[in-house]
Amino acid sequence: MTTVTGLATARGLAAGPVFVYRGDGNIPTPEYIVEEGREGEELARLSRSIAAIRSDLERMIETLRERTGRQDLHIFECHLMILEDPYLADEIKKKILVGRLNAEAAVRKVFALHRAQFAKMNDAYFRERVLDLDDVERRLVKSLAGCSKDPHLEIKTPSIIVADDLTPSETVLLPRECVLGFATNGGSTTSHVALLARALAIPAVTGLGNITANVGAGETMLLDGSTGVVILRPDEATRASFYELMRRESCLVDAASMERPAGTLKSGGEVRICANVHPGIPLAGFREKGARGIGLYRSEFLWLNSDFEPTEEEQFEAYREATRFSRQLAPDATITIRVLDIGGDKMMRGRKSSEPNPFLGNRSIRYLLSHKDVFRRQMRAILRASVEGRVRIMYPMVSCIEELTAAAEIIAGVKAELDAEGVAYAKDIPVGAMIEVPSAALCAEEFARHVDFFSIGTNDLVQYTMAADRGNDAVAHLYQPLNRAVISLAKMSVAAAKGRGLPISVCGESAADPVVGTYWAALGVDTLSMSAAYIPVMSRILANLTREDLDEYAKVPDSMPSDATGRQIFDACRDWLASRLPAELTEIVGL
Ligand code: PEP
Ligand code: MG
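All values derive from a computational prediction rather than experimental measurement.

The rules behind the values
Throughout this document, residue positions are counted from 1 along each chain, in the order its sequence is written. As they are written, the chains are lettered A onward and the ligands numbered 1 onward, keeping that order. Per-residue local features of the predicted model are confined to residues with pLDDT of at least 70, and side-chain atom pairs are confined, for both listing and counting, to 80 or more; whole-chain, interface and lining totals are unaffected and use all residues. Calculation of side-chain values draws on the structure's entire complement of heavy atoms; hydrogens and water are dropped beforehand. Each metal's donors are the N, O and S atoms within 2.8 Å of it, or within 3.2 Å when it is Na, K or Ca, and because water is not part of the set, sites may look incomplete. Numbering of helices and strands runs from the N terminus; a helix is a DSSP stretch of H or I covering at least four residues, while a strand is a stretch of E covering at least two. The rule is simple: take the accessible area with a 1.4 Å probe, protein chains only, and divide by the maximum for that residue type; under 20% is buried, over 50% is exposed, in between is partly exposed. Working definition: residue near molecule or strand if any one of its non-hydrogen atoms lies within 4 Å of it. In protein, a polar contact means a hydrogen-donor-capable atom and an acceptor-capable atom, both N or O and within 3.5 Å, with residues adjacent in sequence counting only if both atoms are side-chain atoms; elsewhere, any N or O pair within 3.5 Å suffices. Only the protein chains shown count as cover for residues, and all accessible areas are computed by the Shrake-Rupley method using a 1.4 Å probe. The pocket and cavity definitions rest on a 1 Å grid over protein atoms only: a 1.4 Å probe that fits but cannot leave marks a cavity, an open set with protein on both sides within 12 Å along at least five of seven lines marks a pocket, and residues lining either have an atom within 4 Å of a point. A pocket or cavity is taken to hold a molecule when more than half of that molecule's atoms are within 2 Å of the pocket's grid points. Lys, Arg, Asp and Glu make up the charged group, whereas Ala, Val, Leu, Ile, Met, Phe, Trp, Tyr, Cys and Pro make up the nonpolar group; the residues left over, Gly among them, are polar. We define a nonpolar core as any set of buried Ala, Val, Leu, Ile, Met, Phe, Trp, Tyr and Cys residues linked to one another through side-chain atoms lying within 4.5 Å. Here the bounds of each domain stem from an automatic or database domain assignment. Note on definitions: a residue-residue contact is assigned when non-hydrogen atoms from the two residues lie within 4.5 Å. All axes here are fitted lines through C-alpha atoms, helices being fitted over the stretch that makes contact, and every angle between N-to-C directions spans 0 to 180 degrees. With respect to orientation, any angle under 35 degrees is reported as roughly parallel, any angle over 145 as roughly antiparallel, any angle of 65 to 115 as roughly perpendicular, and every other angle as oblique. In a left-handed crossing the near helix is turned counterclockwise from the far helix by less than a right angle, and in a right-handed crossing that turn is clockwise.

**Structural notes on the coordination of the magnesium ion (ligand 2)**
Part 1 of the argument: The protein atoms donating to the magnesium ion (ligand 2) are Glu436 (OE) and Asp460 (OD), with metal-donor distances spanning 2.0 to 2.2 Å. You can see Glu436 sitting in the loop between β13 (431-435) and α17 (438-442) and its partner Asp460 sitting in helix α19 (residues 458-466), a full 24 residues away along the chain. Grouping residues by exposure puts Glu436 and Asp460 together as buried.

Here it is in structure tokens:
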């Protein structure tokens, strides 16, 4: 039995066999001259591989269509087209027949030539097709090397996925019913892959160093996403006590057993708890988790994993469906649709930012203000969907007042356009700003005059305040949600909102952290929005606290010495909270 500790990335317990996901990795490519007269064998090998990949791709398209209900699988259709391109195939054959090269080397050489030509093209679309060429080339070389199986199709029994790291699209494409948990060598707690694991309610531990080398396929693993502990090859006693913990956890997170709506305090009154969602995630389970609305709808997922901007109609459909769904959550449920938050590490499929420092670049609201046609299309789609329920519009990454006034002009223009066309929309639709850049918190009083609500995006607010990349485990120790600097900015934002009677929520992942989320509630935010899987636990915590308890909790950081570190403040808060909650709850949430 071996115990390894990594970063507690997505809460929850998982136990089961290991599936080692190798992704595409580096495939060795032998290069040699084929014996005279044996060129035909190489050609036959090539044809067999092309046929096998064709059938794999077709099966993949079909499986994914069934699993995800998605029609936009043109990534794989495009790969099929490349695979069947007669010009490419002829060139490879020529290298085998004339140059007497083995098939792997012939494939590599021909693809390298095409890659270089595509990369030189002025048109961004063609430059980005390089990634598709890479993909098909990898598939071909893998197949020729005899390791053709696609990992997405290979996972057949529920397993804990052990990988070096996973991209967001790899994570989304894995068959949910077969994924018990994730354990990865790299990664961090607030990377977008981590957010996806949480949104999909999959327990995850990241930053494990070299877990892939220490575990074999099929071996048993126990994984605790709350503490970051992973146990390999557990002994009988450890297994038994882990299963007992799992049993108790599943009783605890059963929201149906909650008597009062999620977020109700022991003394009455509430901190509303909503769900963070994104297009592509099945919405059905959210009601059982107790979500009282959709506090953050990450619209950019309509763009990610796609080659093209979604049309106004496609967007309208998606927003309308989510808005209709939100109405079923509570009689007064709202849905907060965040406009396109693209840039940084969130790029359209296969695109890489050309900016030297994309996290400080032309992203989010800045991108929309420099691509007004994209902004207008999205506004039209949101406004059209707004007649279906209580929709709010939210701007990400606002850093100065002029962005708010420029966005207000765009909305006014779009509303006038819809009026002229006789299209209905909610005239009084609330418009809010995310507070996720320090400048926004520092100017919150002024911002409050220009918007109808605030939502604190702690994922980015912590990153920008501490200058610590949210996705980089090397600086994870600096990523401190309860550092005094972050607390001061949060307090300023709450005070500015309250000063003008505006609603304020927290929609960063820290809202779901028992210690930190409860602290934001204590500071006076009226809503916490989080991945739905975490709602039951946060509800249980709040149900054990009165408003007076929260007032007392809010003072814990203030009572610490002025040189207390973020870690010390966190620990003091955790100790206070642990002392107020029942032991059963503290054990399960890992306090
Ligand atoms: C945040 O930054 O806290 C947030 C909610 O936005 P995202 O994680 O999508 O950047
Ligand atoms: Mg953000």
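Moving on, there is more to tell.
**Digging into the site of ligand 1**
Part 1 of the argument: Around ligand 1 sit 16 residues, and of these Arg298, Arg338, Gly457, Asn459 and Arg470 come closest.
Part 2 of the argument: In this structure, an oxygen atom belonging to ligand 1 sits 2.9 Å away from a side-chain N or O atom of Glu436.
Part 3 of the argument: At 2.8 Å, a side-chain N or O of Arg470 approaches an oxygen atom of ligand 1.
Part 4 of the argument: Its free accessible area being 290 Å², ligand 1 has 100% of it covered by the protein chains.
Part 5 of the argument: With respect to the detected pockets, ligand 1 is housed in the second largest cavity.
Part 6 of the argument: Among the elements of the structure, α9 (192-199), β10 (294-298) and α19 are those that each provide at least two residues to the shell around ligand 1.
Part 7 of the argument: Considering each element in turn, the shell around ligand 1 owes the most residues, three residues, to α19.
Part 8 of the argument: Here the shell around ligand 1 is composed, by residue class, of four nonpolar, five polar and seven charged.

**As for helix α2 (residues 74-83)**
Because each turn of an α-helix spans 3.6 residues, side chains separated by three or four positions end up pointing in the same direction.
Part 1 of the argument: Where burial is concerned, most of α2 is hidden: seven out of the 10 residues are buried.
Part 2 of the argument: Regarding α2, the residues found buried are Ile75, Phe76, Cys78, His79, Leu80, Ile82 and Leu83.

**Let's talk about the nonpolar core**
Part 1 of the argument: The biggest cluster of nonpolar side chains holds 131 residues, and the ones touching the most others in it are Tyr395, Phe454 and Trp520.
Part 2 of the argument: When residues are assigned to domains, this core turns out to be shared by domain 1 (2-23 + 151-234) and domain 3 (251-589), each giving three or more.
Part 3 of the argument: Once residues lying within four places of it in the same chain are set aside, the contact partners of Trp520 are Thr458, Pro481, Leu482, Val486, Ala490, Val506, Ser510, Ala511, Val525 and Leu528.
Part 4 of the argument: Counting 29 residues, the second-largest nonpolar core is a separate cluster that includes Ile96, Leu101, Ala105 and Val141.

**Thoughts on the packing of helix α15 (residues 372-385) against helix α16 (residues 401-421)**
Part 1 of the argument: Where α15 contacts α16, the two axes come as close as 10 Å, and the packing angle between them is 55°. Overall, the two elements α15 and α16 adopt an arrangement that is oblique. Read as a crossing pair, α15 and α16 show a hand that is right-handed. The segment α15 lies against α16, with Lys372, Phe375, Arg376, Met379, Arg380, Leu383 and Arg384 engaging Ala407, Ile410, Ile411, Val414, Lys415, Glu417, Leu418 and Glu421.
Part 2 of the argument: Classifying every residue of the contact of α15 with α16 by side-chain character gives eight nonpolar, no polar and seven charged.

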